[in-house]
Amino acid sequence: METKLYINKNLISKEGLGAFYQITYVDDVRYCDVEREANANNWGFSQSDMGDLYIWDTEDPDCVDGDGSYVDYADIVKKCELAYRTKYYNMKQVCEFAEVAYSTYKNASRDNFRNLSEKKVMQLLNAMDNV
């Protein structure tokens with residue numbers, strides 16, 4: 001059975017997507033990798049009866065014992081990669097090359113890329129690879 005990783009939405013908002021870049025491999029989620037990262041950052045960590053892993057903000061009263069809404073790590077990994085890689089690029093040029101409005105990128109980055117479409121995420125990542 002495939003193990004999945006779920007991250008609490010409040011923790012994503014607090015830490016930003018870049019904090020979750022490369023916690024583990026999407027296709028091979030490893031308990032030890034996730035546990036080590038959670039302990040290092042003082043995040044809550046648990047495993048469900050089905051083997052899925054959950055991390056949350058221990059300082060958020062809405063997330064005590066892993067309650068609240070979660071996002072599948074596989075669904076956010078590209079956005080995590082984008083958030084991480086943006087600090088190494090001149091994003092104005094990348095946006096121009098990707099044909100994504102810079103204002104769209106700026107608004108999305110303030111919102112942890114939550115509302116940025118998968119198509120635009122891929123356009124930006126591909127442009128970074130080709131710049």
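Okay, so let's go over this structure.

Cut-off values and rules
Residues numbered from 1 in each chain as written. Predicted model: local features only at pLDDT ≥ 70, side-chain atom pairs only at ≥ 80, totals over all residues. Heavy atoms only, no water. Helix = DSSP H or I, 4+ residues; strand = E, 2+ residues; numbered from the N terminus. Rg over C-alpha atoms; globule rule 2.2 N^0.38 Å. Contact = heavy atoms within 4.5 Å. Areas by Shrake-Rupley, 256 points an atom, 1.4 Å probe, with all protein chains shown as cover. Lys, Arg positive; Asp, Glu negative; His and termini not counted. Charge placed at Lys NZ, Arg CZ, Asp CG, Glu CD. Salt bridge = Lys/Arg side-chain N within 4 Å of Asp/Glu carboxyl O. Buried < 20%, exposed > 50% of the residue type's maximum accessible area, 1.4 Å probe, protein only. Core = buried A, V, L, I, M, F, W, Y, C linked by side-chain atoms within 4.5 Å. Pairing = 2+ DSSP bridges.

Quick word on the overall build of the protein
Turning to step 1, where the next piece is worked out: The helix and strand inventory of the protein stands at 6 helices and 4 strands.
Turning to step 2, where the next piece is worked out: Listing every helix and strand of the protein by position from the N terminus yields β-α-α-β-β-β-α-α-α-α.
Turning to step 3, where the next piece is worked out: What you see for the protein is a C-alpha radius of gyration of 16 Å, in line with the 14 Å of a compact globule of 131 residues.
Turning to step 4, where the next piece is worked out: In terms of principal-axis extent, the alpha carbons of the protein reach across some 45 × 30 × 25 Å.
Turning to step 5, where the next piece is worked out: Put simply, 64% of the contacts in the protein that link residues at least 6 apart link residues at least 24 apart.
Turning to step 6, where the next piece is worked out: On the protein, roughly 7,700 Å² of surface is accessible, and the fraction owed to carbon and sulfur atoms is 42%.
Turning to step 7, where the next piece is worked out: Charge centroids of the protein, computed over 15 positive and 23 negative side chains, lie 10 Å from each other.

With respect to the pattern of salt bridges
Turning to step 1, where the next piece is worked out: For the structure on display, the rule yields 8 salt bridges.
Turning to step 2, where the next piece is worked out: Salt-bridge contacts for Glu-81 lead to Arg-85; the nearest nitrogen and oxygen are separated by 2.9 Å. Taken together, the positions of Glu-81 and Arg-85, both in helix H3 (residues 73-85) and 4 residues apart, correspond to about one turn of that helix. Both residues of the pair, Glu-81 and Arg-85, count as buried.
Turning to step 3, where the next piece is worked out: In this structure, a network of salt bridges that share partners links the residues Lys-78, Glu-81, Arg-85 and Asp-129.

Quick notes on the nonpolar core
Turning to step 1, where the next piece is worked out: If you look at the biggest cluster of nonpolar residues, it comprises 35 residues, and the most contacted ones within it are Ile-7, Phe-20, Ile-55 and Leu-124.
Turning to step 2, where the next piece is worked out: With 6 residues, the single largest contributor to this core is H3.

Some details on the pairing of strand S1 (residues 5-8)
Turning to step 1, where the next piece is worked out: Burial along S1 is two-sided: the residues Leu-5 and Ile-7 and Tyr-6 and Asn-8 are all buried.
Turning to step 2, where the next piece is worked out: As paired elements, S1 and strand S3 (residues 53-57) share 3 bridges and run parallel to each other. The partner of Ile-7 across the bridge, within S3, is Ile-55.
Turning to step 3, where the next piece is worked out: When S1 meets strand S4 (residues 70-72), the two strands line up antiparallel, connected through 3 bridges. Paired with Ile-7 across the two strands is Val-71, which belongs to S4.

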